[in-house]
Amino acid sequence: MIALDHLSVRLDGVPVLQDLSLRLKPGRVTGLVGESGSGKSMTALAIMGLLPAGADLTGQVTLDGAQISTLPERRMARLRGREIGMVFQEPMTALDPLMTIGAQVAETLRIHRAASRAEARARAAALLIRVGLDPDRVPPGRYPHELSGGQRQRVCIAMAIALRPRLLIADEPTTALDVTTQAHVLALLRRLVAEEGMALLLITHDLAVVSQMADVVAVLHQGWLVEQGATTRVLARPAHSHTRALLAATGHRPARVARTEGAPLLRVEGARKDYVAGRGLFAAPRRVRALDDVSFTLNRGESLGLVGESGCGKSTLARAVLGLEPLDAGHIALADAPVSPSMPAAQRRRAQAVFQDPQGSFDPRQRVGRLVAEPFHLTGRPADAAEQVIAALRAVGLKAEDARRYPHQFSGGQRQRIALARALVIHPDLVVLDEAVSALDVSVRGRVLDLLARLQAERGLSYLFISHDMDVVRAITDRVLVMEAGRIVEAGPTAQVYAAPRHPRTRALLDAVPRLTQAGASGV
Amino acid sequence: MSRARIPLPLWLGAPLVALALGMALLALVWTPHDPAALAIGEKLRAPDWTHPLGTDHLGRDVLSLLMAGARTSLAVALVAVGIGAGLGVPLGLWAAARRGTWIDDLLMRANDLIFAFPSLVIAILITAAFGPSALNAIIAIGIFNIPVFARVARGGALTIWSREFILVARLAGKGAARISVEHVLPNIASLLIVQATIQFSLGILAEAALSYVGLGAQPPTASWGRMLAEAQTLFYGYPRLAIVPGLAIVLTVLGLNLMGDGLRDHLDPRLRQRAVQ
């Protein structure tokens, strides 16, 4: 058993973890929840002995009674992998792109001298089968880039459990994955915990995941453990106000009035788009159809959802609607004028967008004031541009002086507000929100959704809301389109589609959503 | 968050470069003696108070020659880097903006063509064909800097083009040229600065090599390479005459390389130890 006793961590003198005591028992799943910056990941790093330079640890971490937090790095390195395994959020960066997946799993065994070369290879193959990678479809000779995100995460899990560690730490293991893939990976983790009898520390910001997975839950808030106990008890009768706030944010739906009766604003007819994939030296180019005869209408003031797994063509459709990429066939019209990459500025200004990555969607070398003013390129810079930028920042809940700061000085939620201010500064008719809240914490997401609903009501905006998160789409949209392999397979009013899905893909997406089960809860 | 520490190579390299630059700048207005003035009676004097580094076989003051030589060497290298960056960076940005098209292919294959020739041999060819002079040396070295900068600029620009903020700029109706100047160039600037310091040091070496074989600066213009060439026959009797310009070249090139390394560490956030919030 691994135990944390009065663990405190200071980073350059700033406390990031305070007096944390936690027992991680074999065969038990412990959920560690909290917002970003609450100290979740720092807890994992402290257990693994991987705290960054400048960190100061007090208290102790013990493995079966023996203190491990004071071990020298060489002995700690032997412990990692053998006794404690770890799975990270981003499976692509956790794998070596130049090694086959079989070799990577085998390497883990070899490093710890647990097996001979041939033995390691055989055991690696067996491990990959155990984590659900069928050798006929995904043989051990594949490279990471040939795998999907979910398959990569399975490889990471195989590496983490290769030496049958007593503790597996999974830090947001499914946050980068689709709902359906998430469901499969979570089920795999659960099965492995039961079979191996190991302890699992599941770090997540998603209470719904915790409610499905964890036996025990610990809630962190600003470095303090504010509540811990059996998951059913904590979720049904939360004792701490922060737990209650997290619970409220999880199921949060902004108050909004459904509107579907406006005049048509956006018309997409028979859109088709092919990509050339795998253009090899001798191989014939293979064409992948990203959009296949897609047609729909978006009305003024309406909020239209577009859901589907990654790779289904959602983002291609978004780019076509924004006039960033040409179609191979079909027609898109916004306010009765055609949309294309060569459309005039007066037409282009009608649609703006907010993208997923709050980090990557800003030029890091420019100040917020200049970033938000960028769309003025379409309208000609008005004389009162600076005032308009400030008004836009105020409208999304930021301050005038924020215009002078750089994007990296803001949190993820604030950055998405800046992105929204940039989209709104030239008063577009349509805002395309491409996974705009997917990278945000639950509570931050709730506030951004509230903001979106308020701005829509105030300005009569139309939204095209693209997401793989079914809960979010239900919260903010009036109608929904379900996409699979470039085609729209189901369309209808959101409430109706969610209540009675007709297409198997829609049902699969809905079934995969982790549900927050709160036996005996009231008023949430 | 504490300020990032200045890396050690930068500490070591910057003073060396500053010394060479200082010498060159000072030589523009003042040298202890006229570096071109011959005084056969004073030839091959050992260092003393009037000639801190002695005199050469024609009685010229070695310190004055060194300072005037610094001016020539640095000016040639600097202008050559200017030519390379001035033409190479726009070409690289253009190729990145038209990535995957025939323009990109054409530009990059033309690059490969220049790369395929041994640069110094071609530089010798050019100066031999158009007559040896400092100007022709500059042009010859500059041409070979173009593909280096084009390639570095294109490589850096390609990663910037895949970022989401480029998508946002396109959404704001900005064309490829505008995006290249407003968003791409500032984000690859640190990459280019580092490359410039490296090319600068290579330029000094190339100038010294060309002058050494008599294809660079012509008498009476002083240059480190020419000082080396003239000291060659006197090396056994007066090693000082070769050691002084040789050491100047080595220390300046070393300083520039250290500075390049240090700047890369200092400017590249991926290599800088990241402070966890």
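Every chain begins its residue count from 1, and numbering advances along the sequence as written. For this description, chains carry letters from A and ligands carry numbers from 1, given in the order in which they are written. Thresholds applied to this predicted model are a pLDDT of at least 70 for local features of residues and 80 or more for the giving and counting of side-chain atom pairs; totals over whole chains, interfaces and linings are not thresholded and use all residues.

Comments concerning the overall build of chain A
Note the following rule: Only DSSP runs of H or I with at least four residues qualify as helices, and only runs of E with at least two residues qualify as strands; both kinds are numbered from the N terminus onward. Think of it as a crowd count around each C-beta: if 20 or more other C-beta atoms lie within 10 Å the residue is buried, if 12 or fewer it is exposed, and in between it is partly exposed, with C-beta placed from the backbone throughout. By the convention adopted here, residues are in contact when the distance between their C-beta atoms, placed from the backbone, does not exceed 7 Å.
A tally of regular secondary structure across chain A gives 20 helices and 20 strands. Along the longest, intermediate and shortest principal axes, the C-alpha atoms of chain A span 70 × 55 × 50 Å. Counting every position in chain A, which comprises 524 residues, the buried fraction comes to 46%. Residue pairs in contact within chain A that sit at least 24 positions apart in sequence constitute 69% of those at least 6 positions apart.

A look at the overall build of chain B
Summing up its helical and strand segments, chain B has nine helices and zero strands in all. Listing each helix as α and each strand as β along chain B from the N terminus yields α-α-α-α-α-α-α-α-α. Counting the 277 residues in chain B, one finds 44% classified as buried. Taking all contacts inside chain B whose residues are at least 6 apart in sequence as the whole, residues at least 24 apart take part in 72%.

Section: the packing of helix α4 (residues 119–130) of chain B against helix α5 (residues 134–161) of chain B
All names here are of chain B. Note the threshold: Angular values range over 0 to 180 degrees, each being the angle between N-to-C directions of two axes fitted as lines to C-alpha atoms, with helices fitted over their stretch in contact. Handedness of a crossing follows from how the near helix is turned relative to the far one, being left-handed for an anticlockwise turn of less than a right angle and right-handed for a clockwise one. All residues other than Ala, Val, Leu, Ile, Met, Phe, Trp, Tyr, Cys, Pro, Asp, Glu, Lys and Arg, Gly among them, are scored as polar; the first ten of these are nonpolar and the last four charged.
One can describe the packing of α4 onto α5 by two numbers: an axis separation of 9 Å at closest approach and a directional angle of 145°. Viewed along their axes, α4 and α5 form a crossing whose handedness is right-handed. On the side of α4, the interface is formed by Ser119, Ala123, Ile126, Thr127 and Phe130, while α5 contributes Asn136, Ala137, Ile139, Ala140, Ile141 and Phe144. Class assignment for the residues of the contact of α4 with α5 results in eight nonpolar, three polar and no charged.

Overview of the pairing of strand β16 (residues 351–354) of chain A
The two faces of a sheet get side chains in turn, since along a regular strand they alternate between them. Residues and elements named next belong to chain A. Threshold: Only when DSSP finds a minimum of two bridges between them are two strands counted as paired.
Where burial is concerned, the two faces of β16 agree: the one with Ala351 and Ala353 and the one with Gln352 and Val354 are both buried. In terms of strand pairing, β16 meets strand β17 (residues 430–434) through four bridges, oriented parallel. Residue pairing in the sheet places Ala353 in a bridge with Val432 of β17.

Details of the interface of chain B and chain A
Each partner contributes residues to the interface: chain B has 16 residues there, and chain A has 20 residues. Where the side of chain B that touches chain A is concerned, the elements lending two or more residues are α6 (164–171) and α7 (176–212) of chain B. In terms of residue count, α6 of chain B provides more of the side of chain B that touches chain A than any other element does, seven residues in total. Taken together, the residues of the side of chain B that touches chain A break down into eight nonpolar, four polar and four charged.

Topic: the nonpolar core
As a reminder, the rule being used: What we call a nonpolar core is a set of buried Ala, Val, Leu, Ile, Met, Phe, Trp, Tyr and Cys residues whose membership is set by joining through C-beta atoms within 7 Å.
Val321 and Leu464 of chain A are the most contacted members of the largest nonpolar core, which totals 221 residues. Beyond its immediate stretch of four places on either side in the chain, Val321 of chain A contacts Leu266, Val268, Ile332, Val339, Ala351, Val432 and Leu464 of chain A.

Describing unusual backbone geometry
Residues and elements named next belong to chain A. The backbone of Asp293 shows a phi angle near 55°, a positive value even though the residue is not glycine. A residue is classified by how many C-beta atoms lie within 10 Å of it, and Asp293, with 14 of them, is partly exposed. Although it is not a glycine, His427 adopts a positive phi angle of roughly 50°. Counting through the fold element by element, His427 comes out in the loop between α16 (412–424) and β17. Given 15 C-beta atoms within a 10 Å radius, His427 is considered partly exposed.

Here we look at the sheet that holds β16 of chain A
Residues and elements named next belong to chain A. Pairing within the open sheet is mixed, and its six strands lie in the order β16-β17-β18-β13-β19-β20. Whereas interior strands pair on both sides, the edge strands pair on one side only; in this sheet they are β16 and β20 (487–493). Between one strand and the next, the sheet's axes are offset by a mean angle of 20°, whatever the strand orientation. In this sheet, strand β18 (residues 462–467) lies alongside strand β13 (residues 303–307) in parallel orientation, the contact comprising five bridges. When the bridges of β18 are listed, Gly305 appears paired with Phe465.

Describing α7 of chain B
Residue and element names in this part refer to chain B. Note the threshold: Expected span of a helix: the number of residues minus one, times 1.5 Å. Bend, in this description, refers to the angle at a residue between axes fitted to the seven residues ending there and the seven starting there.
For α7, which comprises 37 residues, the first-to-last C-alpha distance of 45 Å sits more than 12% below the rise-based estimate of 54 Å (1.5 Å per residue). When the local axis directions of α7 are compared, the greatest deviation, roughly 50°, occurs at Leu185, which is followed within four positions by the proline Pro186. Immediately beyond the C-terminal end of α7, within one or two residues, lies Gly214, with a positive phi of roughly 85°.

What to know about α16 of chain A
Residues and elements named next belong to chain A. For α16, spanning 13 residues, the distance from its first C-alpha to its last is 19 Å, which sits close to the expected 18 Å at 1.5 Å a residue. Buried within α16 we find Gly413, Gln414, Arg415, Gln416, Arg417, Ile418, Ala419, Leu420, Ala421, Arg422, Ala423 and Leu424. Considering only its buried residues, α16 is in contact with β16, α13 (368–372), α15 (385–395), β17 and α17 (442–459).

Observations concerning the pairing of strand β10 (residues 224–230) of chain A
All names here are of chain A. Here six bridges tie strand β9 (residues 216–221) to β10, and the two strands are oriented antiparallel to one another. Directly across from His221, in β10, lies its bridge partner Trp224. Connecting β9 to the next strand, β10, in antiparallel fashion are two residues, including Gln222 with a positive phi near 50°.

Topic: the packing of helix α10 (residues 241–250) of chain A against α17 of chain A
All names here are of chain A. Cut-off, in case you're wondering: Roughly parallel means an angle under 35 degrees; roughly antiparallel, over 145; roughly perpendicular, 65 to 115; everything else is oblique.
Taken N-terminus to C-terminus, the directions of α10 and α17 make an angle of 50°; their axes are 8 Å apart at the nearest point. The angle between α10 and α17 places the two elements in the oblique class. The chirality of how α10 crosses α17 is left-handed. Contacts between α10 and α17 involve Ala245, Leu246, Ala249 and Thr250 from the first element and Val442, Ser443 and Gly446 from the second. Taken together, the residues that form the contact of α10 with α17 break down as four nonpolar, three polar and no charged.

So, the environment of Ser180 of chain B
All names here are of chain B. Positionally, Ser180 belongs in helix α7. Take Ser180: there are 24 C-beta atoms within 10 Å of it, and that puts it in the buried class. For the pair Ser180 and Trp161, spaced 19 residues apart in the sequence, the C-alpha separation amounts to 8.8 Å. In contact with Ser180, not counting residues within four places along its chain, are Leu93, Ala97 and Leu185.

Regarding the environment of Gly34 of chain A
All names here are of chain A. Inspection of the secondary structure puts Gly34 in the loop between β3 (29–33) and α1 (40–48). In this structure, the C-alpha to C-alpha distance between Gly34 and Ser342, residues 308 residues apart in sequence, is 46 Å. Setting aside chain neighbours within four positions, we find Gly34 in contact with Gly39, Lys40, His205, Val219, Leu220 and His221.

Quick look at the confidence of the model for chain B
All names here are of chain B. Using the following cut-off: Think of pLDDT as the predictor's per-residue confidence, scored from 0 to 100.
Here chain B averages 85 in pLDDT, and 95% of its residues register 70 or above. Mean pLDDT in chain B bottoms out at α4, which sits at 81, and peaks at helix α2 (residues 62–97), which reaches 92. Between residues 272–277, whose pLDDT stays under 50, and residues either more than four places distant or in other chains, the model counts seven contacts.

Thoughts on the confidence of the model for chain A
Averaged over all residues, the pLDDT of chain A is 87; the fraction at 70 or higher stands at 96%. In the predicted structure, residues 520–524 of chain A sits below a pLDDT of 50 and forms seven contacts with residues beyond four places in sequence or in another chain.

Let's talk about the environment of Ile122 of chain B
Residue and element names in this part refer to chain B. For Ile122, the position within the fold is in helix α4. Judged by the 14 C-beta atoms lying within 10 Å of it, Ile122 is partly exposed. On a C-alpha basis, the gap between Ile122 and Phe144 in space is 9.2 Å, while along the polypeptide they are 22 residues apart.

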